[in-house]
Amino acid sequence: MKTFRYQRPDDPEAAVTALASVPGARFLGGGTNLVDLMKLGVECPDLLVDVGRLPHGSVEPTESGGLRIGAAVSNSALAAEPTVRDRYPVLCQALLSGASPQLRNAATVGGNLLQRTRCLYFQDVSKPCNKHDPGSGCPAIEGVHRDLAILGASEHCIATNPSDMAVALAALDAEVLLRGPSGARRLPVTELHRLPGDQPERDTVLEHGELITHVELGPVRPTVRSAYRKARDRASYSFAIGSVAALLEVAEGTVRQVRLALGAVAAKPWRARTAEEQLLGAPATVESFSSAVEAELAAAEPLRDNAFKVPLVRNMAVRTLLELAGGAFADWEEDQW
């Protein structure tokens, strides 16, 4: 591991100032991803600015009836928060499906949002990769890509975002609060991450020195049900090969509200806007759900070894929506899976 300097500022302003002044600096939260990348040589920061003990470690109600979650809150603590368990089950389920209990105890909300892809080529500095060596190419396109993107990819990168929590936050219309050299700002979590385009080395829209301080959730009506479903190669401690976060409200058999996000299919949590628009006001039936999800996945461009993700995610999304609607799905499941 390359030699680096370490600082632990006492307040957010000092942390932002310390990092912004050093081009090769990185913020350090729980370190569950960054330290691994440093060991691999993918990340070689000149300075680590520890933000794990800044005053961002609480979960508090907002005046609007939502929640403000500090970026330093651990994944375990957030999943155990009674309000999250009761009012935002999709978030609780997503958190508990990620990593191991030991890692969830260390990982923070801010760090979870900023974790980097698990693409094998990105993690191996002996291989070309446009993320860690812009212009070197993307060997995953012709190589090992079973776990990689089917939506929003480019000729420069087909990596996927690995976060379960971010998919749930995308479905919840969460907002991220930032503090940087130019002051404070907020943005929807759906706008935090970038599709690769011709700059695959940039995972997010954050500028150097910007720090995530909080995540805010809006209120959710008691009549809205939510759930997170994850497909993976083994029962635990494994990244998704496809996931779905859904919120659904049905009144008199009609979809009154729906939010749907897909995970492990793109470089960012994929908010299924096309499906949502088609479902709003539609009957809560197998046919409606299937048609809407099919319309969303019409833009998919699978490669040689990951085409299975299209029917996988489609079936997961339809089944999740059916369960939230309270509909029977046994016959449909037998035919489709």
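Since the structure is predicted, the reported quantities are computational estimates derived from the model, not experimental observations.

Rules used in this analysis
- Residues numbered from 1 in each chain as written.
- Predicted model: local features only at pLDDT ≥ 70, side-chain atom pairs only at ≥ 80, totals over all residues.
- Heavy atoms only, no water.
- Pairing = 2+ DSSP bridges.
- Helix = DSSP H or I, 4+ residues; strand = E, 2+ residues; numbered from the N terminus.
- Buried < 20%, exposed > 50% of the residue type's maximum accessible area, 1.4 Å probe, protein only.
- Contact = heavy atoms within 4.5 Å.
- Axes fitted to C-alpha atoms, helices over the stretch in contact; angles between N-to-C directions.
- Core = buried A, V, L, I, M, F, W, Y, C linked by side-chain atoms within 4.5 Å.

Draft legend 1. View of the pairing of strand S7 (residues 183–188). Judged from the six bridges that link them, strand S6 (residues 175–180) and S7 form a sheet pairing that is antiparallel. Considered in S7, the bridge of glycine 180 is made with glycine 183.

Draft legend 2. Spotlight on the sheet that holds strand S12 (residues 270–271). Strand order across the open sheet formed by four strands is S9-S10-S11-S12, with antiparallel pairing between neighbours. In this open sheet, the two edge strands, each paired with only one partner strand, are strand S9 (225–231) and S12. In the sheet, strand S11 (residues 254–263) pairs with S12 via two bridges, with the strands oriented antiparallel. Counterpart to leucine 262 in the pairing with S12 is tryptophan 270.

Draft legend 3. Representation of the environment of threonine 254. Tracing the chain through its elements places threonine 254 in strand S11. Judged by its relative accessible area of 31%, threonine 254 falls in the partly exposed class. Contacts of threonine 254, omitting those with residues within four sequence positions, involve Glu249, Gly281, Ala282, Pro283 and Ala284.

Draft legend 4. How the structure looks around the sheet that holds strand S3 (residues 47–50). Reading across the sheet, the three strands line up as S1-S3-S2 and stay open at both edges, with parallel pairing between neighbours. Two strands lie at the open edges of the sheet, namely strand S1 (5–7) and strand S2 (25–28), each paired on one side alone. Across the sheet, the mean angle from the axis of one strand to that of its neighbour is 25°, orientation sign disregarded. When S2 meets S3, the two strands line up parallel, connected through four bridges. What sits directly across from arginine 26, in S3, is leucine 48. Taken strand by strand, helix H1 (residues 12–20) contacts S1, S2 and S3, and its axis lies near 150° from that of S2.

Draft legend 5. Structural context of the nonpolar core. With 40 residues, the main nonpolar core has Ile69, Leu78, Leu91, Leu113, Leu169 and Leu217 as its most contacted residues. Top contributing element to this core by residue count: helix H8 (residues 165–171), with seven residues. Not counting chain neighbours up to four residues away, the residues in contact with isoleucine 69 comprise Ser58, Val59, Leu78, Leu91, Val109, Thr213, His214, Val215 and Leu217.

Draft legend 6. Spotlight on unusual backbone geometry. Despite not being glycine, alanine 99 has its phi angle at roughly 55°, a positive value. Tracing the chain through its elements places alanine 99 in the loop between helix H5 (89–96) and helix H6 (101–106). The partly exposed category is assigned to alanine 99, whose relative accessible area is 34%. Notably, tyrosine 237 is not glycine yet its phi reads approximately 50°, a positive angle. Inspection of the secondary structure puts tyrosine 237 in the loop between S9 and strand S10 (242–251).

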